[in-house]
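Listed below, chain by chain, are the residues.
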Amino acid sequence: MVVGQIEDPLDFVVVGAGPGGYATALRAAQLGRKVTLIDRDGADGIGGVCLRVGCIPSKALIEAAELAQRTRDAANMGIDATLNAIDMPRIQKWKGEIVSGLTDGVRMLLKQADVEIAAGDFHFTGAKAGVIATKDGQPRFVRFEDLVLATGSRPVTLADLPVNDKTICDSTGALALDHVPKTMAVIGGGYIGLEIGTAFTKLGAAVTIVEAESRVLPTMDAHLTRPVARRLKALGVEVKLGTRALAHSRGKLAISNGKNETKIPAEVVVIAIGRRPNTDNLGLDLTNLRSDETGLLTVADDRRVARHIAAIGDITPGRALAHKATAEAQVAAEALCGRNTAFVAGSVPAVVFSDPEIATVGLSEAEAKAEGMEPLAARFPLAASGRGRTINASEGFVEIISDKADERVLGVHIVGPHASELIAEGAVAVEMGASLEDVALTIHPHPTLSEQIAEAAHIALGHPIHISTPKNRKRSKS
């Protein structure tokens, strides 16, 4: 410490005010700690990327786009509806009101919990000390008893395609567009790229997705992504696989498949090639903490990286999901408050809000085999669902992965409408170690999409109800 710098003693510090950060602050306050929540934007940063410029805004845009598409598709239900216009400024106003309402709610919870909110960038100055660099140039030096890092992540950029939020955007800029471009190129066929590209297609843009790998959603099992690929084609989305973006000029994006270079129309280019952990400017070199080459911090089961420091969310291994960060928040807060706790990642669901949606939890068939099990995969098609037909949906399925040895549910994978809502039942089944009989004998309401889960369990047990008995399926003793 430099002579003259007086350190402000703090009890429990949380760095980052996203879902993981504010949840940590609230839990620590419940446990009797005096909490200081630090965020670059102070109170304006409450909610982080997810609530302010990510999860919530994107789902609002997806919902508006889906309503527009359903209006176009209503004729086959006997409803002649006319879509007069897409008013993006009004959509943005509606979306902004949603975000404001939710962030105001979180600020109120923090105020009620007596959490101090500090504005500025936090940097370590020692193992249990740091500085909050404020915008007014007046640094605040602090010493803490315990600290949780929840600094999240930021979009990966491309040097040859610098973001300007007008013609070249990252996901944040794309969600803030005040118009629907005539043509759009989305670089990246992962979940963010597909969600944005599909939404703007339904709003009226001609969209091209440029993906370097051989298929969209390359990190997911191929059979889960095939219905999405078919739907993209049906919507008129052009997908360029095995292709890289080169440069953008005068409304054209230059691309290359390794053999030929071409140009495609792109009034707006959206870069959605992944996210990078925000650990590079924390001053980790002034502590005993170190990140790996990707920027991630290795954490113990209780999310600690040191005796008095924990890390959660996008800066730790595993999928970068808001609900994972929220679950880790409780573990980190309790661990630093002296409780014996651990985070178990086996039943963390993941959702892609594509069309159709994809939701998955637990093990895939390949993962179960890799762990030495003999898995059974049972799949019930959405086309056989009465409720699916009534909502004009037949593309998708529910798949249950179970262990042949004890018929325990190992994983649930859903492709179809409202998969994001249905997957929670699968998460409970995996978390509780439910058997196929537990799921099959649980009475599901009719007609609903949730019935597919019970139907898949019946298939696995060898006595399906609404599809023919699969050949060569070994019947269970039940």
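Reading guide: rules and limits
Residues numbered from 1 in each chain as written. Predicted model: local features only at pLDDT ≥ 70, side-chain atom pairs only at ≥ 80, totals over all residues. Heavy atoms only, no water. Helix = DSSP H or I, 4+ residues; strand = E, 2+ residues; numbered from the N terminus. Expected span 1.5 Å × (residues − 1). Buried < 20%, exposed > 50% of the residue type's maximum accessible area, 1.4 Å probe, protein only. Contact = heavy atoms within 4.5 Å. Disulfide = S-S within 2.5 Å. Core = buried A, V, L, I, M, F, W, Y, C linked by side-chain atoms within 4.5 Å. pLDDT = per-residue confidence, 0-100. Phe/Tyr/Trp six-rings, centres within 6.5 Å; stacked < 30°, edge-to-face > 60°.

A. Summary view of helix α8 (residues 322–336). An ideal rise of 1.5 Å per residue puts 21 Å on 15 residues; α8 measures up with 21 Å between its terminal C-alpha atoms. Buried residues of α8: Lys324, Ala325, Glu328, Ala329, Val331, Ala332, Ala333, Glu334, Ala335 and Leu336, and no others. Tucked into the core, α8 has its buried residues touching β1 (8–15), α1 (19–30), β6 (140–149), β17 (304–306) and β18 (309–311). Looking one or two residues beyond α8, the residue adopting positive phi is Gly338, at roughly 90°.

B. Focus on the state of the cysteines. Under the definition given, this model contains 1 disulfide. Linked covalently through their sulfurs, Cys50 and Cys55 form a disulfide whose S-S length is 2.3 Å. As the torsion about the S-S bond is roughly -125°, the Cys50-Cys55 disulfide counts as left-handed. Given the relative accessible area of 29%, Cys55 is considered partly exposed. Cys169 takes part in no disulfide bond, and the closest cysteine sulfur to it belongs to Cys55, at a distance of 19 Å.

C. Expanded view of the environment of Ala245. With respect to the helices and strands, Ala245 occurs in strand β12 (residues 244–249). Not counting the four nearest positions on each side in its chain, Ala245 is found in contact with Leu161, Ile187, Val210, Leu253, Ala254 and Ile255.

D. Seen up close, the nonpolar core. In terms of nonpolar packing, the biggest core is built from 36 residues, with Leu61, Met184, Phe200, Val207 and Ile358 touching the most fellow members. Among the elements of the structure, α3 (55–73), α4 (88–112), α5 (171–175), β9 (183–187), α6 (191–203), β10 (206–211), α7 (222–235) and β15 (268–271) are those that each provide at least two residues to this core. Sorting elements by how many residues they give to this core places α6 first, with 6 residues. When residues no more than four places from it in sequence are discounted, the contact partners of Val207 are Met184, Val186, Gly197, Phe200, Thr201, Gly236, Val237 and Glu238. Within the second largest apolar cluster, 30 residues are counted, among which are Val351, Ala419, Leu422 and Leu449.

E. Structural view of the confidence of the model for the chain. On average, residues of the chain score 95 in pLDDT, and 97% of them reach the 70 mark or higher. A low-confidence stretch, residues 472–478 stays under pLDDT 50, and its non-local contacts, those more than four residues away or across chains, total 15 contacts.

F. Inspection of the packing of aromatic side chains at higher detail. By the definition in use, this model includes 2 aromatic pairs. Their ring planes at 65° and their centres at 6.4 Å tell us that Phe124 and Phe144 sit as a pair that is edge-to-face. Residue Phe124 is found in strand β4 (residues 121–126), and its partner Phe144 is found in strand β6; the two are separated by 20 residues along the sequence. The pair Phe124 / Phe144 is uniform in exposure class, with both members buried. The rings of Phe122, Phe124 and Phe144 are connected pair by pair, giving a single aromatic cluster.

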